[in-house]
Amino acid sequence: MLTVHHLGKSQSERIVWLCEELEISYELKRYARDSVTMLAPPDYKALHPIGAAPVIVDGDLVLAESGAIVDYIMVKYGKGRLVLGPDTPDFAQFLYWFHFANGTLQAGMGRLMLLNRLKLAEDNPMLVATKARVDRAFDLVDTRVCDAEYLAGSSFTTADIMMGFSLTTMRYFQPYDLARCPNLVKYLGRIGARPVYRRAMEKGDPGMALLLS
């Protein structure tokens, strides 16, 4: 049995969502963040040497890193669903946005979050440059979904699942005003209209407000 260890309000929501989309059997174990530090509890940190979410267990395998977990589940359980192959016109777009999630957007928001905690002056060069980089990342997503229904094109794929956390729940940790990204808000409306998405979020984080706008 595949076991998904889900830390509340974390990247592990991607894995819960993916399992629900694929309709595969899995066991969900939920963990609450420390109410003071907002970090993972000790029993979650003990699951894997990196001590961060997500973590899955599949037989004797213990695997961390959301992108690696998504790839693993897709190869072992996906049966060709939710991915695009090299013979499809949007294959490169699929790869780009799948990796853009953690390679660019998530990384930029994480750096901005840390800089904001330092209470730097608004004109601090590093803060200004990081804010501008995050703005460019959101602008790029907004431009992409102006004409494309989903990030890889007309098909919903794991690229949307990877990007979903960065565009929504990550904003609990690093707020971002989406008013400047009207196409992105419409895109998140399409994501939020997916019953499977709603079901996955409720299973992983019951009662959590979904930051879809």
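For clarity, every value in this text was computed on a predicted model and none was experimentally measured.

### A look at the nonpolar core
In terms of nonpolar packing, the biggest core is built from 55 residues, with I73, F138, M163, L167, L184 and Y187 touching the most fellow members. Breaking this core down by element, the ones donating at least two residues are β1 (2-7), α1 (13-22), α3 (66-78), α4 (91-117), α5 (125-147), α6 (158-167), α7 (182-192) and α8 (195-204). Top element by residues in this core is α4. It accounts for 10 residues. Excluding residues that lie within four positions of it along the chain, F138 makes contacts with L105, M109, L167, Y176, L178, R180, C181 and L184. Formed by seven residues, the second largest nonpolar core is a distinct cluster that contains L7, Y44, V55 and A64.

### Quick word on the pairing of strand β2 (residues 26-31)
With six bridges connecting them, β1 and β2 associate as parallel partners. Of the residues in β2, the one forming a bridge with H6 is R30. Each parallel crossover has a hand, and for β1 linked through α1 to β2 it is right-handed.

### A look at α5
Since there are 3.6 residues in each turn of an α-helix, residues three or four apart along the chain are aligned in direction. Under the 1.5 Å per step criterion, the end-to-end length of α5 is 34 Å for 23 residues, consistent within 8% with the ideal 33 Å. When α5 is considered as a whole, its buried residues turn out to be L127, T130, V134, A137, F138, V141, D142, R144 and V145. Against α4, α6 and α7 lie the buried residues of α5. At the N-terminal boundary of α5, the capping side chain belongs to N124, with an oxygen 3.0 Å from the backbone nitrogen of M126.

### With respect to the layout of surface pockets
Volume-wise, the largest pocket comes out at about 700 Å³. Lining the largest pocket we find 27 residues, and of these S10, Q11, R33, A52 and A53 sit closest to its centre. Among the elements that line the lining of the largest pocket, the one with the most residues is α4, at six residues. Each residue belonging to the lining of the largest pocket can be placed in one class, and the counts come to 15 nonpolar, seven polar and five charged.

### Examining the packing of aromatic side chains
Under the defined criterion, the tally for this structure stands at nine aromatic pairs. Measuring from ring centre to ring centre gives 6.2 Å for F94 and F98, while their planes differ by 50°; the resulting arrangement is tilted. Remark: F98 and F94 occur in helix α4; sequence separation between them is four residues, near one turn of the helix. Like F94, the residue F98 is buried in the burial classification. The rings of W17, Y150, F156 and Y197 are connected pair by pair, giving a single aromatic cluster. One Lys or Arg, R194, reaches over the ring of F156 and ends 3.7 Å from the middle of that ring.

### Re the side chain of D160
Relative to the elements of secondary structure, D160 occurs in helix α6. Of the side chains bearing the opposite charge, R194 lies closest to the buried D160, which forms no salt bridge; the N-O distance is 7.4 Å. Among the polar contacts made by the side chain of D160, one reaches the main-chain amide nitrogen of T157 at a distance of 3.0 Å. Those residues within four positions of D160 in sequence are excluded, and the remaining contacts are W17, Y150, L151, S155, Y187 and I191.

### Examining the environment of R198
On the secondary structure map, R198 appears in helix α8. By relative accessible area, which is 44% here, R198 ends up partly exposed. With 181 residues separating them in the primary sequence, R198 and W17 have C-alpha atoms 8.9 Å apart. Beyond its immediate sequence surroundings of up to four residues, R198 is in contact with G192, L210 and L212. Among the polar contacts listed, one links the side chain of R198 to the backbone oxygen of G192, at a separation of 2.7 Å.

What counts and how
- Residues numbered from 1 in each chain as written.
- Predicted model: local features only at pLDDT ≥ 70, side-chain atom pairs only at ≥ 80, totals over all residues.
- Heavy atoms only, no water.
- Core = buried A, V, L, I, M, F, W, Y, C linked by side-chain atoms within 4.5 Å.
- Buried < 20%, exposed > 50% of the residue type's maximum accessible area, 1.4 Å probe, protein only.
- Helix = DSSP H or I, 4+ residues; strand = E, 2+ residues; numbered from the N terminus.
- Contact = heavy atoms within 4.5 Å.
- Pairing = 2+ DSSP bridges.
- Right-handed = clockwise from strand over helix to strand, strands pointing away.
- Expected span 1.5 Å × (residues − 1).
- Polar contact = N/O pair within 3.5 Å; in protein donor to acceptor, adjacent residues only side chain to side chain.
- 1 Å grid on protein atoms, 1.4 Å probe; cavity = no way out; pocket = protein on both sides within 12 Å on 5 of 7 lines; lining within 4 Å.
- Points joined across faces, edges and corners; volume = space filled by probe spheres on them.
- Nonpolar A, V, L, I, M, F, W, Y, C, P; charged D, E, K, R; others polar.
- Phe/Tyr/Trp six-rings, centres within 6.5 Å; stacked < 30°, edge-to-face > 60°.
- Lys NZ or Arg CZ within 6 Å of the ring centre and 35° of its normal.
- Lys, Arg positive; Asp, Glu negative; His and termini not counted.
- Salt bridge = Lys/Arg side-chain N within 4 Å of Asp/Glu carboxyl O.

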